[in-house]
Amino acid sequence: MQVKVYCRFILFLCMLVLCSPHSLAHPEEIKRSDFPSGFIFGAATSAYQIEGAYLEDGKSLTNWDFFCQINGGRFGKVNPSGIMFYNNIIDNLLAKGIEPFVTLHHHDLPQEFEDRYGAWLNPLMQEDFVYFAEICFKNFGDRVKLWSTINEPNLFAEMAYIKGVYPPARCSEPFGNCSFGNSDLEPLIVMHNMLLAHGKVAKLYKDRFKSEQGGVVGIVISMFMYEPLTDTKLDKEAAIRALAFNVAWGLDPLIFGDYPPEMRQYHGSELPQFSLEEIKYINGSLDFIGVNHYSSLYAKDCTQSYCPLGGDHAVKGFTYTTGERDGVPIGNRTGMERFFVVPEGMEKIINYLKNRYNNMPMYVTENGYPSPQHQNLEDTLQDSDRIEFHKAYLAYLAKAIRDGADVRGYFVWTLMDDFEWDHGYNQRLGLYYVNRSTLDRIPKLSRDWYKHFLSYDSVDNERSNREKFISNKIQNYINIRSS
Ligand code: FCB
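Worth saying up front: this structure is predicted, and the values here are computed from it rather than measured.

Right, let's get into the pairing of strand E15 (residues 407–413). Every other side chain in a regular strand lies on the same face of the sheet, so the side chains alternate between the two faces. Counting buried residues in E15 gives 6 out of 7 residues, a clear majority hidden from the surface. Summarising the sheet, strand E2 (residues 40–44) and E15 pair through 5 bridges and their orientation is parallel. Each bridged residue has a counterpart across the sheet, and for Ala 43 the counterpart in E15 is Val 412. Where strand E14 (residues 362–367) meets E15, 3 bridges bridge the pair, whose relative direction is parallel. Note that in E15 the partner of Asn 367 across the bridge is Val 412.

Here it is in structure tokens:
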């Protein structure tokens, strides 16, 4: 087994807050004290999207390096430079009072797995992922307490195996035009392997690391909220199905031990079965749900009528989704085609999870605003639209929390302008502007707003337990290192 250590980091800042008794705060008045004590705020990134250095320090090629048509490559055993790199990041974060929240797999993986056996299409990948996770727990688990196994397995399965726009770019008609693949079947297999891999990693953590390290393990799911395109019963059912085929697809197996009943109803034997042995370790394998939520879409029924783009296939739940009704967008447009500004969707998706999963702890692991494209530098830096976006979504999040939802954190996507996958460098979502030529980072107005939001509201309040906990932890760590 040859593996290189890659970790996908979601960074977070430590916070303090008090509850307030209002219902929906006006976005202009949203404050940190609208969130409960101990609620954490942060900014999210992922390694491939910000690190560069694709051939430094003996790093092997990943699927995205290959996809972006980079030649060369080497493979090795666990790479001490990789361990050192992430140790430095973790130590420096802790030294600054920032607790790391680590995602093990965020879209990129060693290309060798792809070449050797088809990566996530093959159950062998489960074992390689467990091996990799064990290395991370052993090396970083003394300081990392919040682990997510996989970022957006549902979106990955869709983009890489239904639409074929992420590596390994596999798909079939009518979803896309790829050289290989089967869009009706392969995403189901890939998701199955990812869920089993998650279950094995969660079990590994529970059996071997949890008692000593005391952390928690969750998974992150990409979640749009869906509204019926029309008022008909069929479209209302389609909206419910869209949630089941996208969100519950990745969560029901890990919380209840099987795919959603809605999926079993519409799929035939192509939807894999879990064996009794597998159910034992996937069922109940989540300590928290990671929520990546940006936007809402309309859902239209395709059981009774033709739909374009494969909406009338079982793999899409016989549902077609769109951001427009009669040419009118569901919310203000952003720089990304399917991302519309629909703040109330945040409350709705959180309530959906709360009700379906008995209010399991949740973290909003990503939420962010893609600036309109082709902006000049000044407008890019004066990103008041991004500020309004976060304020509005936070107001609805605070409302859901006041209504009882157990949400424990919020992470802005993203800390700095990055590589946005199939959009390349054309999308800017960062709190910091990155000059693509000099790599200089310039804070945007949204950075100032977030800093202000996090610092000012709480100055008169007592320091929260969480802050005390973090500073104790840092002190302990410094003591250990210096002894
Ligand atoms: C999410 C990805 C993240 C980023 C945002 C915009 O689906 O997890 O890496 O690209 O979208």
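Resuming the write-up.
A separate point is the site of the ligand. Within the structure, the ligand sits among Gln 49, His 106, Asn 151, Glu 152, Leu 155, Asn 292, Tyr 294, Glu 366, Trp 413, Glu 420 and Trp 421. In the model, an oxygen atom of the ligand is placed 2.5 Å from a nitrogen or oxygen of the Glu 420 side chain. At 2.9 Å, a side-chain N or O of Trp 421 approaches an oxygen atom of the ligand. Contact with the protein chains covers 95% of the free accessible surface of the ligand, which is 290 Å². According to the grid-proximity analysis, the pocket containing the ligand is the second largest pocket. The residue makeup of the shell around the ligand, split by class, is 4 nonpolar, 4 polar and 3 charged.

All right, on to the state of the cysteines then. Two cysteines whose sulfur atoms are joined by a covalent bond form what is called a disulfide. Going through the model one piece at a time under the given rule, you end up with 2 disulfides. Residue pairing for Cys 302: its cysteine sulfur links by disulfide to Cys 307, the two sulfurs lying 2.0 Å apart. Because the sign of the S-S torsion sets the handedness, a value of about -95 degrees for the bond joining Cys 302 and Cys 307 places this disulfide among the left-handed ones. Residue Cys 302 is classed as buried on the basis of its relative accessible area of 4%. Taking relative accessible area as the criterion, Cys 307 reaches 1% and is therefore assigned buried. Numbered by order of appearance in the sequence, the disulfide-linked cysteines of the chain pair as 1-2, 3-4.

Let us now look at the confidence of the model for the chain. Per-residue confidence for the chain gives a mean pLDDT of 90, with 89% of residues at or over 70. Per-element confidence in the chain ranges from a low mean pLDDT of 35 for strand E1 (residues 8–13) to a high of 99 for strand E7 (residues 288–292).

So, on to the environment of His 267. Following the sequence through the fold, His 267 ends up in the loop between helix H9 (261–266) and helix H10 (276–282). Sequence-wise, His 267 and His 313 are 46 residues apart; in three dimensions their C-alpha atoms are separated by 9.7 Å. Beyond its immediate stretch of four places on either side in the chain, His 267 contacts Leu 188, Phe 245, Ala 314 and Val 315. Side chain to side chain, His 267 and Glu 270 meet in a polar contact 2.8 Å long.

Moving on, we get to the environment of Asn 177. Summarising the element assignment, Asn 177 is placed in the loop between helix H6 (153–162) and helix H7 (186–213). Distance from Asn 177 to Val 165, taken between C-alpha atoms, is 9.8 Å for residues 12 residues apart in sequence.

Our focus in this paragraph is the layout of surface pockets. Once rolled over the atoms, a probe with the size of a water molecule shows which space is left empty. If you add up the space inside the second largest pocket, you get close to 1200 Å³. Taken together, 47 residues make up the lining of the second largest pocket; nearest its centre are Glu 158, Met 159, Lys 163, Phe 224 and Arg 338. Where the lining of the second largest pocket is concerned, the elements lending two or more residues are H6, helix H8 (233–255) and strand E9 (319–322). Of the residues assigned to the lining of the second largest pocket, the class counts are 20 nonpolar, 16 polar and 11 charged.

Here we take up H8. For H8, built from 23 residues, the straight-helix expectation of 33 Å at 1.5 Å per residue is missed by more than 12%, its first-to-last C-alpha distance being only 29 Å. The largest bend along H8 reaches roughly 65 degrees and is located at Ala 248. Judged by how many residues are buried, H8 sits mostly within the fold: 18 of 23 residues are covered. Positioned one or two residues after H8, Gly 257 has a phi angle of 95 degrees, which is positive.

Turning our attention to empty space enclosed by the protein. In total, this model carries 4 cavities of 30 Å³ or more according to the counting rule given. Its volume calculated, the second largest cavity comes out at about 50 Å³. Taken together, Glu 158, Ile 162, Phe 245, Asn 246, Trp 249, Val 315 and Lys 316 make up the full set of residues lining the second largest cavity. Among the elements that line the lining of the second largest cavity, the one with the most residues is H8, at 3 residues. Residues belonging to the lining of the second largest cavity are distributed by class as follows: 4 nonpolar, 1 polar and 2 charged.

Next up on the list: the sheet that holds strand E8 (residues 296–301). Spatially, 3 strands are ordered E6-E8-E9 in an open sheet, and the strand pairing comes out mixed. The open sheet has two edge strands, strand E6 (225–228) and E9, and neither has a second partner. Strand after strand, the sheet turns through a mean of 40 degrees between neighbouring axes, direction not considered. For E6 and E8, the ladder comprises 4 bridges, and the chain directions are parallel. Bridge pairing in E8 links Pro 228 to Ala 299. Relative to the sheet, H8 contacts E6, E8 and E9, its axis offset from that of E8 by approximately 120 degrees.

With that out of the way, let us pick up the packing of H6 against H7. Across the interface, H6 lies against H7 with an axial gap of 9 Å and an inter-helix angle of 145 degrees. In the packing of H6 onto H7, the handedness of the crossing is right-handed. Of H7, the residues touching H6 (which contributes Pro 153, Asn 154, Phe 156, Ala 157, Tyr 161 and Ile 162) are Glu 186, Pro 187, Val 190, Met 191 and Met 194. Grouping the amino acids of the contact of H6 with H7 by side-chain chemistry returns 9 nonpolar, 1 polar and 1 charged.

Quick notes on the rules
- Residues numbered from 1 in each chain as written.
- Predicted model: local features only at pLDDT ≥ 70, side-chain atom pairs only at ≥ 80, totals over all residues.
- Heavy atoms only, no water.
- Buried < 20%, exposed > 50% of the residue type's maximum accessible area, 1.4 Å probe, protein only.
- Helix = DSSP H or I, 4+ residues; strand = E, 2+ residues; numbered from the N terminus.
- Pairing = 2+ DSSP bridges.
- Near = heavy atom within 4 Å.
- Polar contact = N/O pair within 3.5 Å; in protein donor to acceptor, adjacent residues only side chain to side chain.
- Areas by Shrake-Rupley, 256 points an atom, 1.4 Å probe, with all protein chains shown as cover.
- 1 Å grid on protein atoms, 1.4 Å probe; cavity = no way out; pocket = protein on both sides within 12 Å on 5 of 7 lines; lining within 4 Å.
- Sits in = over half its atoms within 2 Å of the grid points.
- Nonpolar A, V, L, I, M, F, W, Y, C, P; charged D, E, K, R; others polar.
- Disulfide = S-S within 2.5 Å.
- pLDDT = per-residue confidence, 0-100.
- Contact = heavy atoms within 4.5 Å.
- Points joined across faces, edges and corners; volume = space filled by probe spheres on them.
- Expected span 1.5 Å × (residues − 1).
- Bend = angle between axes of the 7 residues up to and from the residue.
- Axes fitted to C-alpha atoms, helices over the stretch in contact; angles between N-to-C directions.
- Left-handed = near helix turned anticlockwise from the far one by under 90°.

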